[in-house]
Amino acid sequence: MGNIKKILYGVSLIIFIIANYNSASAATRKDFAEIKSSIITAYKNYQNVVNLEKYNIYEKTDGDLLKQVMTEVVNETPYLFYAGQEYTKEIMPVTSLVKKIILSYSKEYTKTDGSVDTDKIKETRRKINAAVNKALKNINDGMSDVEKAMVLHDYIIYNTSYTNSRSDKNRVNEAGVFIDNKANCQGYSVAYGILLKKAGINVRYIVSEEMGHMWNLVRIDNAWYNVDVTWDDPVDTYSGNDQYGCVMHNYFLGSTSSFKAGGHYGFSAKQASSVKYDKMYWKDVSGSFYYQNGRWLYMGDKGITERKRLASGTGKVLLNVTGRAFVRFNGNKYYFIAGNSIYMYDRKKEKQDPVWRAGNYYNSSYYLSQIMYSGGRVYYRVLKNRKYTTGSFSVNNRGFP
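First, a word on scope: everything that follows refers to the structure included in this document. Keep in mind that what you see is a predicted model, and the values were worked out from it rather than measured. (Residues numbered from 1 in each chain as written. Predicted model: local features only at pLDDT ≥ 70, side-chain atom pairs only at ≥ 80, totals over all residues. Heavy atoms only, no water.)

So, the overall build of the protein
Regarding its fold elements, the protein presents seven helices and 20 strands. Projected onto its principal axes, the C-alpha positions of the protein cover 80 × 45 × 40 Å. Each of the 401 residues in the protein was classed as buried or not, and the buried ones make up 51%. Long-range pairs, those at least 24 residues apart, make up 56% of the contacts in the protein between residues at least 6 apart in sequence. With the model as given, the accessible surface of the protein reaches about 19,200 Å², and the carbon-plus-sulfur share is 45%. Here the protein contributes 55 positive and 37 negative side-chain charges, whose respective centroids are spaced 5 Å apart. (Helix = DSSP H or I, 4+ residues; strand = E, 2+ residues; numbered from the N terminus. Buried < 20%, exposed > 50% of the residue type's maximum accessible area, 1.4 Å probe, protein only. Contact = heavy atoms within 4.5 Å. Areas by Shrake-Rupley, 256 points an atom, 1.4 Å probe, with all protein chains shown as cover. Lys, Arg positive; Asp, Glu negative; His and termini not counted. Charge placed at Lys NZ, Arg CZ, Asp CG, Glu CD.)

Notes on the pattern of salt bridges
Under the counting rule described, the total for this entry stands at eleven salt bridges. The closest approach of N and O atoms between glutamate 306 and arginine 347, which form a salt bridge, is 3.0 Å. With a gap of 41 residues between them, glutamate 306 in strand 12 (residues 303-307) and arginine 347 in the loop between strand 16 (341-346) and strand 17 (351-357) connect regions that are remote in the sequence. Exposure remark for glutamate 306: the relative accessible area of 12% places this residue in the buried category. Assessed through its relative accessible area of 21%, arginine 347 is described here as partly exposed. Salt bridges sharing partners connect three or more residues here, namely Glu90, Lys99 and Lys100. (Salt bridge = Lys/Arg side-chain N within 4 Å of Asp/Glu carboxyl O.)

Observations regarding the side chain of aspartate 236
In this structure, aspartate 236 sits in the loop between strand 9 (223-227) and helix 7 (256-261). Judged by relative accessible area, which is 3%, aspartate 236 ranks as buried. At 2.7 Å, the side chain of aspartate 236 forms a polar contact with the side chain of glutamine 370. Aside from chain neighbours lying at most four places away, what touches aspartate 236 is Asn241, Asp242, Gln243, Gln370, Arg381 and Tyr388. (Polar contact = N/O pair within 3.5 Å; in protein donor to acceptor, adjacent residues only side chain to side chain.)

Regarding the sheet that holds strand 12
Reading across the sheet, the four strands line up as 10-11-12-13 and stay open at both edges, with antiparallel pairing between neighbours. Looking at the sheet topology across the chains shown, the edges are occupied by strand 10 (290-292) and strand 13 (316-320). Neighbour to neighbour, the strand axes of the sheet diverge by 30 degrees on average, direction disregarded. Sheet analysis places strand 12 next to strand 13, joined by four bridges and oriented antiparallel. Pairing of threonine 305 across the sheet is with valine 317, part of strand 13. (Pairing = 2+ DSSP bridges. Axes fitted to C-alpha atoms, helices over the stretch in contact; angles between N-to-C directions.)

Regarding the pairing of strand 7 (residues 203-208)
When strand 7 meets strand 8 (residues 213-220), the two strands line up antiparallel, connected through six bridges. Bridge pairing in strand 8 places valine 207 opposite methionine 214.

Concerning the packing of helix 4 (residues 145-159) against helix 6 (residues 185-198)
Between helix 4 and helix 6, the shortest axis-to-axis distance is 10 Å and the interhelical angle comes to 145 degrees. As helix 4 packs across helix 6, the resulting crossing turns out to be right-handed. Note on element contacts: helix 6 touches helix 4 through Tyr188, Ala191, Tyr192, Leu195 and Leu196, opposite Ala149, Leu152, His153 and Ile156. A breakdown of the residues in the contact of helix 4 with helix 6 according to their chemical character gives eight nonpolar, one polar and no charged. (Left-handed = near helix turned anticlockwise from the far one by under 90°. Nonpolar A, V, L, I, M, F, W, Y, C, P; charged D, E, K, R; others polar.)

Following this line, the structure appears as structure tokens:
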């Protein structure tokens, strides 16, 4: 009977030291690619065992590579949200030949008798697909790949809150983003990868063990770029909560050199050498980009601005105002904060109207900082002495209280 070793894996890999056996591996890169494919297939067919005897995989020489394969399968493969965070290896004594891998499944998708709950998996997959299709409705046939990548980047950030709490079981996969609307870097990255692939854009995954962090590599016009959706989704300095209406673009389509300069470390992505987008204007845009009638609308440093293309040409300022938290109400109307009040901008009528004034409800020591629109209500946060107060009000079909 072979030795049994149980391995845990995640974004941060755990290294196990084993006995020093005298063996030589004949496994090739192609073998490991086949093994990875076999493991993915086994998970998709809800199987538990993957036989490896024909590949001549030895624990001494190949253990780390096999662990890397398993980590990639679970962390970077879309729609394997039900895979467990551990696996078991059966290893022959003396030779250290790895005979098989025994897969595990997440407790959330395992019945009390130990069998896989396929009905629950299928229902979760249905919910994910519905959410993915909803997100993809933001894609227009006339968009370039840069624009598709941008609108999907903004969609995830606007609709997802960061969490790394163990109680949020789906935080490490796409179900966290598409069902629970909260995830960690792994969940953000896998979800973004799903949307990009559906939009016809090539994507890869980057993991820094030193940072305990994960993000994407995105291919645009035959060049690779880093995109860190997680770091573009800021949290409150004081409360640690997700910021209403705030979508950053500092880590959208960056070169590897810019990412390392900006605080990323412990990774190598030499293929992302292009600096084409490193100094784009969108680095200073802290709200979503909205697409309407063949034009892009956003809040720039000079006010509400319109562009025909995101990555070329110049912007036209429609409303010269010092504002922030640019949030869509419908196709033609947008909320924004100016001073200590909320305003509505009507693109069709090219005018702005006051909607809500913080001074009518709070004294001058409160600062209106964030807004969000959802389900017929405007949500806001006001700040006083480094503490936030949250409130909301309902609006009619014209967007006013």
